[in-house]
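Descriptive analysis of the structure
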Number of protein chains: 2
Amino acid sequence: MNSDKFIINYNDLKIAITDIFTTIGMDKNDAELVADVLVEAELRGIPSHGLVRVKDYLGLWQKNRLNINAKPKIIKESLATGLVDGDNGLGMISGDFAMNLAISKAQNAGCGVVVVNNSNHFGIAGYYAIKAVKHDMIGIAMTNANPTVAPTFAKQAMLGTNPIAFAMPTKNEPMFLADFATVPIARGKVELLEKQGKTVPEGMLQTADGIPTIDPSVLRKKGTILPLGGDYEHAGYKGYCLTAIVDILTAILSGANFGNFVPPQVSYLPEKDYYPGKGLGHFFAAIKLDAFRPTDEVKNYMDLWIRTMRATTPIDPNQPVLIPNDPEVEKTNFHKKNGISILPEVINELNQILNELNIPVPDKLSNF
Amino acid sequence: MNSDKFIINYNDLKIAITDIFTTIGMDKNDAELVADVLVEAELRGIPSHGLVRVKDYLGLWQKNRLNINAKPKIIKESLATGLVDGDNGLGMISGDFAMNLAISKAQNAGCGVVVVNNSNHFGIAGYYAIKAVKHDMIGIAMTNANPTVAPTFAKQAMLGTNPIAFAMPTKNEPMFLADFATVPIARGKVELLEKQGKTVPEGMLQTADGIPTIDPSVLRKKGTILPLGGDYEHAGYKGYCLTAIVDILTAILSGANFGNFVPPQVSYLPEKDYYPGKGLGHFFAAIKLDAFRPTDEVKNYMDLWIRTMRATTPIDPNQPVLIPNDPEVEKTNFHKKNGISILPEVINELNQILNELNIPVPDKLSNF
């Protein structure tokens, strides 16, 4: 590597990721979809859900734990609902399919709810939620995730970081998109703070014995992430409710694995001994604006909401009040213009597994 | 008052509240519904949403700010959706109507989403969510509320405590019900801590200048409640997202007032100068289990979820891991058996307005 930073154009990164997955036999459209979701994460400044995941997906495929030729199937449907079997493929494949189904249900019935079982990691939840926006619909996407979070009063990790994405159409303002893990801190961020020798803010982590801590290394020692809010005294039981709701909507309704049974999404963690359900679960909903009021009326009203919140007096004049998605829009514009910066260790780890699997390093990733 | 505690049977309390509202001309069924929602709050141990509200509703009616003969109307509907105008009545009237509509939509289409504008305070959100459960459906209820919460980085209160209730059917375990304001602490709880001379935990309040504080008196001095999580560093922007989502679903979709424009639900606060929408807004959804999988399969699976979470090793052996609704079920059983305890000041304030309005004190409330 001839520099400590690897900068790549986002279209080139898409091509490189697509190449890797078509090489191992994935359908070209599916590979492009996987690449699109991962690159969208990089653009939005969420590298924990970007290129770094390719090695994880390859590792799962190598161990026969992931079906790269998955064909999602509708198991049951009604006027406004659907249940989809993800065929043990990547969540991008079933997620895109299921969100499209929710949108088409909403075209006809005003709203649509589709859940998915037998799936795997789907990348950023926001990718699916925003699909509804161009149809003048609210989009909602959720997934459960492998356990890292302790319910209030508990020692063990029994729930995932279970994100929620909610996208709302606008008229002239940028689209509203809230896309957030329902816990105070993501595992990736804890690891980063540890590498930097920093501590974690209070109310986010506890040791294996349930003692509150600011030491990021506890996650490697059976420590857990606390729910949003923190401990009981700081209303963390509300965060526990929220994470539990996502688990129920994504897994109990669909028949996927819930809570501590969610299969690991990295190959270095072994399969569990017992699975009460099928794979990992997702939830998607689309709500058509003009089923309620004329589309433009709702969109103009949302613009007013955004302008009103943005005009709030800030505590610090240099830090204006933001609308969810503001930072990500800024990062996307920056990354489209200046390229995406990839950490050397991400490239090194990827090359290692590509070599192991006899997959040629894509041209776009080889010139460093 | 002959004791410092007033204990009343919950059925007697229902009769007393019903009497008050029929006396001022409310339809008997509507009055019973209002009483049922308020008494349910008392039973569940949420007195801030119980009898204490009667004086507020009477005060709004006295000032012609509340229509006690409201007839909710369906403004628009599709196969799975509905928009309801609450006719400026209490939220119980339009809320019950709208949740029933969502349930009937879900019977036919698998899911139903109904939003309400031109409404007022609807009591506890959980009341509506659990209505879906006896139809073997998931029930969801949300409302916006008058502004007390500052968005991340903001000085002013621009959002309400905007609660979410989510109810999930079970087979043999008690129903799952999460019903929580999307902020770390309710206004009523802050007032109680102030009266007791106590402080508020960190990360819940800020002064009018946006300085973090544990002093509960700041809410009387233009201070604000922080989003769930606390300040930016503690991931309070996720709580801001959550509260914003509830505001958008309840008000932007329905055409109710949003954020700082939500009308005050107490008569001592003046009407606002300008309203961009109509009244206060609610959101209701029902999701029919057997649109996805056989009802019993889902309910048994939910039982397994509950038993699994309950079996988690607790940090303190004397404080087992709870399921949302556990404390409220215990309190309900206690209050049904031992009666509901009402604070003397609640009775005194109620009697004062009853006298002022020449409404006879109901028999059940007069013998103390």
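Each value, and the rule that gives it
Residues numbered from 1 in each chain as written. Chains lettered and ligands numbered in written order. Predicted model: local features only at pLDDT ≥ 70, side-chain atom pairs only at ≥ 80, totals over all residues. Heavy atoms only, no water. Salt bridge = Lys/Arg side-chain N within 4 Å of Asp/Glu carboxyl O. Helix = DSSP H or I, 4+ residues; strand = E, 2+ residues; numbered from the N terminus. Least-squares fit on C-alpha atoms with pLDDT ≥ 70 in both. Contact = heavy atoms within 4.5 Å. Domains from an automatic or database assignment. Buried area = accessible area lost by both parts, 1.4 Å probe. Polar contact = N/O pair within 3.5 Å; in protein donor to acceptor, adjacent residues only side chain to side chain. Nonpolar A, V, L, I, M, F, W, Y, C, P; charged D, E, K, R; others polar. Pairing = 2+ DSSP bridges. Axes fitted to C-alpha atoms, helices over the stretch in contact; angles between N-to-C directions.

Applying the stated criterion across every chain, the model contains 32 salt bridges over all chains. Ionic pairing is found between B:Glu77 and B:Lys105, a salt bridge with its closest N-O pair at 2.7 Å. Highlighted residues: B:Glu77 in strand 2 (residues 73–77) and B:Lys105 in helix 4 (residues 91–109), separated in sequence by 28 residues. Residue B:Asp326 is joined to B:Arg310 by a salt bridge in which the shortest nitrogen-to-oxygen separation is 2.6 Å. Of this pair, B:Asp326 sits in helix 9 (residues 326–338) while B:Arg310 sits in helix 8 (residues 295–310), and the two are 16 residues apart along the sequence. Through salt bridges with shared partners, one network takes in A:Lys55, A:Asp56 and A:Glu349.

Look at the two chain copies: a rotation about an axis and a shift along it is all it takes to match them. Once chain A is rotated about the relating axis by 180 degrees and shifted along it by 0.0 Å, it coincides with chain B to within an RMSD of 0.0 Å. Overall, the copies show the geometry of a two-fold rotation axis. Within chain A, the C-alpha atom positioned nearest to the axis of rotation is that of A:Gly229, 2.1 Å from it. When the interface residues of chain A are mapped onto chain B, 100% of them are again interface residues, pointing to one common binding face.

The next subject is the domain arrangement of chain A. All names here are of chain A. Domain boundaries assigned for chain A yield domain 1 (1–69 + 313–368), domain 2 (71–184 + 234–311) and domain 3 (185–225). Each side of the interface is counted separately: domain 1 has 28 residues, and domain 2 has 31 residues. Taking both sides of the interface into account, the surface hidden between domain 1 and domain 2 amounts to around 2800 Å²; carbon and sulfur atoms contribute 61%. On the domain 1 side of the interface with domain 2, the three residues burying the most area are Val 37, Arg 65 and Ile 323, jointly 23% of the side's total. Here domain 1 is connected to domain 2 by two salt bridges. Run the count over domain 1 and domain 2 and you get 14 residue pairs in polar contact (both at pLDDT 80 or more). The dominant element in the side of domain 1 that touches domain 2, judged by the number of residues it contributes, is helix 2 (residues 28–43), at eight residues. For the side of domain 1 that touches domain 2, the class distribution of residues is 13 nonpolar, six polar and nine charged.

Taken in spatial order, the seven strands of this open sheet run 2-3-4-11-5-6-7 (chain B), and their pairing is mixed. Edge positions in the sheet fall to strand 2 and strand 7 (176–180) of chain B, since each has one partner strand and no second. The mean inter-strand angle of the sheet, taken between neighbouring strand axes irrespective of direction, is 15 degrees. Sheet topology note: the strand 5 (residues 137–143) of chain B/strand 11 (residues 280–288) of chain B ladder contains seven bridges and is antiparallel. Across the sheet, the residue bridging to B:Ala141 is B:Phe284, located in strand 11 of chain B. On top of the sheet, helix 7 (residues 236–252) of chain A reaches strand 5, strand 6 (164–168), strand 7 and strand 11 of chain B; it is set at about 135 degrees to strand 7 of chain B, its chief contact. Helix 7 (residues 236–252) of chain B rests against strand 4 (111–119), strand 5, strand 6 and strand 11 of chain B of the sheet, and its axis sits at about 95 degrees to strand 5 of chain B.

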